[in-house]
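Close look at the chain arrangement
One-letter residues, chain by chain:
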Amino acid sequence: MNIYTIIPAAGSGSRAGFANNKLLQRMGGQTVLARTVSAFARNENIAGIAVCVSGADREAIEQELCRFPNTFLVEGGETRAQSVQNALEALAALPCPPDYVLVHDGARPFVTQRIIGDCIRTVRQFGSAVCALPCTDTAARAESGFIQASVPREGLFTVQTPQGFSFRELLAAYRKMSPEDHFTDDSGLYRQYIAPPRLFKGDPVNQKLTFAEDFCMHEMRTGIGADTHAFGADGKHIVLGGVKIDSSTGLRAHSDGDVLCHAVMDALLSAAGLPDIGHYFPDTDPQLAGADSLALLQKVRQLLEDAGFSVGNVSAAIVAESPKLAPHIGQMKANIARALGIAESAVGISAGTNEGLGYLGRGEGITVIANALIQSV
């Protein structure tokens, strides 16, 4: 079947408070509109994509979408309905007009292939397909900010896009539309002039970006840290994860030599794109002589929070021939979890030997490799 997508993108996005079209805002390195178009361009069932644009944004949008060869621009109207009708008329003028058309909000960049596929299957079977979610919250009708009545939520749905229709029928509905008609989406127009449209299940992730806070993309990052300290310092213990462990000799270090905390700190800083621990805690600073590395780890946590991140989880592998570490791992996990403000289950620590190989196998030191997951807040 010949299926096209229409993406209205001619609005200003004034409710988001941006100086220009909200669809040209960047999230994770690409614009909202490019993310939206990309989802449909990847679908093998979509023959082409008509993007409705304003004259002011045409040049910028052309540059953004030039990498999608099956996409073309259509002059947008003053309203969403006018933009969609312009696109439908442009498609009607093609040598081979579509059999079906999907209409999708440009401001819904998180649409999934499952949703697009379900829309196509539903419209092929029923002639219409409206993405929707059952209303699970209490619904109320209000006036002047005060609740006037509760609305039974049974049978209520929140409507999303894409919405799919028989091209011929949707075009006919738009051609019947009068100046007095005011529809917020295509399903209302279709219901008015054609028939009750068929619903299919949407997804909460398929949200519409309307206000400025909606554009704060939840970002996940990973980082790797590694640190090594040599044996040979005075003392009869070492410190790992804030735990003092009996040892024939200490670890050489400017601070307390907690190689585990040091590797975890570097992993966290790396994930946030910040300099390593040598930048923040140089071994030339006399105030850091013998410093408690758990306290430094707490400072790293604060650095991450100042940069807009929280810690998800950390994992570390300790490589050492001696001393025996297994009895102390539980306390190490508890100490690191407390310093980072995360659950103990979000801290993973393993310990093993180097099978007698290299400097680790000869018992000359301890190496720790750590991995961290952080998330934007």
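What this report covers is the structure whose coordinates are included nearby. Bear in mind the structure is a predicted one, so any value in this text is a computation, not a measurement.

1. Topic: the overall build of the protein
Regarding its fold elements, the protein presents eleven helices and 18 strands. Considered along the principal axes of its C-alpha atoms, the protein spans approximately 90 × 50 × 40 Å. Out of the 377 residues belonging to the protein, those deemed buried represent 46%. Of the contacts formed within the protein by residues at least 6 apart in sequence, a portion of 71% connects residues at least 24 apart. Of the roughly 18,500 Å² that the protein leaves accessible, carbon and sulfur atoms contribute 50%.

2. Points about the environment of Glu219
Relative to the helices and strands, Glu219 is located in the loop between strand 11 (199-201) and strand 12 (220-233). Classification of Glu219 by relative accessible area gives partly exposed; the value is 34%. For Glu219 and Ile374, which are 155 residues apart along the polypeptide, the C-alpha to C-alpha distance reads 8.4 Å. When neighbours within four sequence positions are excluded, Glu219 is seen to be in contact with Ile374, Gln375 and Ser376.

3. Observations regarding the packing of helix 1 (residues 32-41) against helix 2 (residues 58-65)
One can describe the packing of helix 1 onto helix 2 by two numbers: an axis separation of 10 Å at closest approach and a directional angle of 50 degrees. Relative to helix 2, helix 1 is oriented oblique. As for the relative orientation of helix 1 and helix 2, their crossing is right-handed in sense. Each of Leu33, Ala34 and Val37 in helix 1 lies in contact with helix 2, whose residues at this interface are Ile61, Glu64 and Leu65. By residue class, the composition of the contact of helix 1 with helix 2 is five nonpolar, no polar and one charged.

4. Thoughts on the side chain of Thr71
Along the chain, Thr71 turns up in strand 5 (residues 71-75). Relative accessible area serves as the criterion here: at 15%, Thr71 is assigned to the buried category. Sequence-distant contacts of Thr71, that is, excluding residues within four places in its chain, are made with Val37, Ile49, Val51 and Leu65.

5. Here's the deal with the packing of helix 3 (residues 80-92) against helix 5 (residues 167-176)
Two numbers describe how helix 3 lies on helix 5: the axes approach to 10 Å, and their chain directions differ by 130 degrees. Here helix 3 is positioned oblique relative to helix 5, judged by the angle of their axes. Relative to helix 5, the crossing made by helix 3 is left-handed. Across the interface between the two elements, Ala81, Val84, Gln85, Leu88, Glu89, Leu91 and Ala92 of helix 3 pack against Phe167, Leu170, Leu171, Tyr174 and Arg175 of helix 5. In the contact of helix 3 with helix 5, the residues fall into nine nonpolar, one polar and two charged.

6. As for the sheet that holds strand 6 (residues 100-103)
If you walk across this open sheet you meet the seven strands as 5-4-1-6-10-7-11, and the pairing is mixed. The sheet terminates laterally at strand 5 and strand 11, the two strands that pair on one side only. On average, each strand axis in the sheet is tilted by 30 degrees relative to the strand beside it, whichever way the strands run. Pairing analysis gives four bridges linking strand 1 (residues 3-8) to strand 6, with the strands arranged parallel. Across the sheet, residue Tyr4 finds its bridge partner in strand 6, namely Val101. Across the sheet, helix 1 lies against strand 1, strand 4 (46-53), strand 5, strand 6 and strand 10 (157-166), angled at about 160 degrees from strand 4, the strand it touches most.

7. A word on the sheet that holds strand 16 (residues 309-319)
Taken in spatial order, the five strands make up an open sheet running 15-12-18-16-17, and their pairing is mixed. Each edge of the sheet is formed by a strand with only one pairing partner; in this case those strands are strand 15 (250-251) and strand 17 (347-352). The sheet contact formed by strand 16 and strand 17 spans six bridges and is parallel. Each residue of the ladder has a partner; that of Val319, found in strand 17, is Gly352. On the sheet, helix 10 (residues 329-340) packs against strand 16 and strand 17 and is oriented at approximately 145 degrees with respect to strand 17.

8. Observations concerning the state of the cysteines
Should the sulfur atoms of two cysteines be covalently bonded, the bond is a disulfide. Summed over the entire model, instances satisfying the criterion amount to zero disulfides. Between Cys135, a free cysteine, and Cys131, which holds the nearest cysteine sulfur, the sulfur-to-sulfur gap is 15 Å.

9. Description of the nonpolar core
Leu260, Leu268 and Leu297 are the most contacted members of the largest nonpolar core, which totals 48 residues. Per-element tally for this core: the top contributor is helix 7 (residues 259-271), with ten residues. Residues in contact with Leu260, not counting those within four places in the same chain, are Leu240, Gly241, Ala316, Ile318, Met332, Ile336, Ile349 and Val368.

Conventions used here
Residues numbered from 1 in each chain as written. Predicted model: local features only at pLDDT ≥ 70, side-chain atom pairs only at ≥ 80, totals over all residues. Heavy atoms only, no water. Helix = DSSP H or I, 4+ residues; strand = E, 2+ residues; numbered from the N terminus. Buried < 20%, exposed > 50% of the residue type's maximum accessible area, 1.4 Å probe, protein only. Contact = heavy atoms within 4.5 Å. Areas by Shrake-Rupley, 256 points an atom, 1.4 Å probe, with all protein chains shown as cover. Axes fitted to C-alpha atoms, helices over the stretch in contact; angles between N-to-C directions. Parallel < 35°, antiparallel > 145°, perpendicular 65-115°, else oblique. Left-handed = near helix turned anticlockwise from the far one by under 90°. Nonpolar A, V, L, I, M, F, W, Y, C, P; charged D, E, K, R; others polar. Pairing = 2+ DSSP bridges. Disulfide = S-S within 2.5 Å. Core = buried A, V, L, I, M, F, W, Y, C linked by side-chain atoms within 4.5 Å.

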